[in-house]
Amino acid sequence: YHRSQFYKDITIPFYGFNRPGATVSEGIRENWWRQGMMGAAIAHWECVRVLSETEFYDDLAVIDVPVLVMHGEDDQICTFPTTGARSVKLLKHGTLKSYPGLPHGMPTTHADIINADLLAFIQFYDDRDQARAGKNDPMDGHVGLGQGFPLDKIEGLEPASEAVGIRTCNCL
């Protein structure tokens, strides 16, 4: 397979550009291609090899800070049921926020939504830490699981337990 063409082609499912009503951004596609071609082929090969051959379940189980798992339900690269929905259950303090209809590349295609939710999550834990230092308790009047992230902070949030670790999927 032609490496350069691969980096052009993969953008279609990665960003959901093959879905009805999707607006294809040639700028996003060209930027992805640029990033792919700048990297060493062996580095990309090793990344894919390691990701496909390594189970990270034990790694998730030892993370002891709140983690927000954000996952597009229309992810054609890492399908939601086998990755996002599954990984949050392995975290001690994981909170799942899924996005119906959004692709794997949602931080690029829907940055306004992703950034707002991520900021709300971070601000919640910043406010909570300040409350523990003697300020007002941000949990007062909120409905959540235990002392977890309150449901009304982000519409559609599904806390699995108290959830601040941030992980993004950087495929290149």
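As the structure is a prediction and not an experimental result, all values here were calculated from the model.

What counts as what
Residues numbered from 1 in each chain as written. Predicted model: local features only at pLDDT ≥ 70, side-chain atom pairs only at ≥ 80, totals over all residues. Heavy atoms only, no water. Buried < 20%, exposed > 50% of the residue type's maximum accessible area, 1.4 Å probe, protein only. Helix = DSSP H or I, 4+ residues; strand = E, 2+ residues; numbered from the N terminus. Pairing = 2+ DSSP bridges. Right-handed = clockwise from strand over helix to strand, strands pointing away. Salt bridge = Lys/Arg side-chain N within 4 Å of Asp/Glu carboxyl O. pLDDT = per-residue confidence, 0-100. Contact = heavy atoms within 4.5 Å. Phe/Tyr/Trp six-rings, centres within 6.5 Å; stacked < 30°, edge-to-face > 60°. Lys NZ or Arg CZ within 6 Å of the ring centre and 35° of its normal. Core = buried A, V, L, I, M, F, W, Y, C linked by side-chain atoms within 4.5 Å.

Novice: How do you make sense of the pairing of strand β2 (residues 94–99) when you look at a structure like this?
Specialist: Every regular strand shows the same layout, with side chains that alternate between the two sheet faces. In terms of burial, β2 is a largely internal element, 6 of the 6 residues being buried. Alignment of strand β1 (residues 67–72) against β2, held across 6 bridges, turns out to be parallel. The residue bridging Val-69 from the neighbouring strand is Leu-96, located in β2. Crossover handedness for the path β1 to helix α6 (residues 84–90) to β2: right-handed.

Novice: I would appreciate a short explanation of the pattern of salt bridges in the present structure.
Specialist: For side chains bearing opposite charge, pairing can occur when the charged atoms are close. Counted under the stated rule, the structure contains 4 salt bridges. In this structure, Arg-29 and Glu-26 form a salt bridge, with 3.7 Å as the shortest nitrogen-oxygen distance. A residue pair is termed a helical-turn pair when its members lie 3 or 4 positions apart in one helix, as Arg-29 and Glu-26 do in helix α3 (residues 26–38) at 3 residues. A residue is classified by how much of its surface remains accessible, and Glu-26, at 41% relative accessible area, is partly exposed. Glu-53 is the salt-bridge partner of Arg-49, the closest N and O atoms lying 3.0 Å from each other. Highlighted residues: Arg-49 and Glu-53, both in helix α4 (residues 41–53), separated by 4 residues, approximately one helical turn. A residue is classified by how much of its surface remains accessible, and Arg-49, at 32% relative accessible area, is partly exposed. Look at the salt bridges and you will find they share partners, linking Glu-46, Arg-49 and Glu-53 into a network.

Novice: It is not clear to me how the confidence of the model for the chain should be interpreted in this structure. Could you clarify?
Specialist: If pLDDT is low for a region, its predicted coordinates should not be looked at in detail. Looking at the chain, the pLDDT average stands at 82 and 77% of residues meet or exceed 70. No element of the chain has a lower mean pLDDT than strand β3 (residues 158–159), at 46, and none a higher one than helix α2 (residues 11–14), at 98. Counted against residues more than four places away or in other chains, residues 137–148, with its pLDDT under 50, gives 26 contacts. This model gives residues 158–172 a pLDDT under 50, and the stretch forms 54 contacts once residues within four places in sequence are excluded.

Novice: When you look at the packing of aromatic side chains in this model, what are you seeing that I'm missing?
Specialist: How two aromatic rings sit relative to each other is set out by the distance from centre to centre and by the angle between their planes. What the rule picks out here adds up to 7 aromatic pairs. For the pair Phe-6 and Tyr-7, a centre-to-centre distance of 5.2 Å together with 75 degrees between the ring planes defines the contact as edge-to-face. Owing to a relative accessible area of 35%, Phe-6 belongs among the partly exposed residues under this scheme. Sitting above the plane of the Trp-33 ring, Lys-8 keeps its charged end 5.3 Å from the centroid. If you follow Lys-97 out to its NZ or CZ, it ends over the ring of Tyr-99, 4.9 Å from the centre.

Novice: Would you take a moment to explain the nonpolar core for this structure?
Specialist: Counting residues in each nonpolar core, the largest one holds 8 residues, listed as Leu-60, Val-67, Val-69, Phe-80, Ala-85, Val-88, Leu-91 and Leu-96. Listing elements by their share of this core, those giving two or more residues are β1 and α6. Among the nonpolar cores identified, the runner-up in size contains 7 residues, and Tyr-7, Tyr-15, Phe-17 and Trp-32 belong to it.

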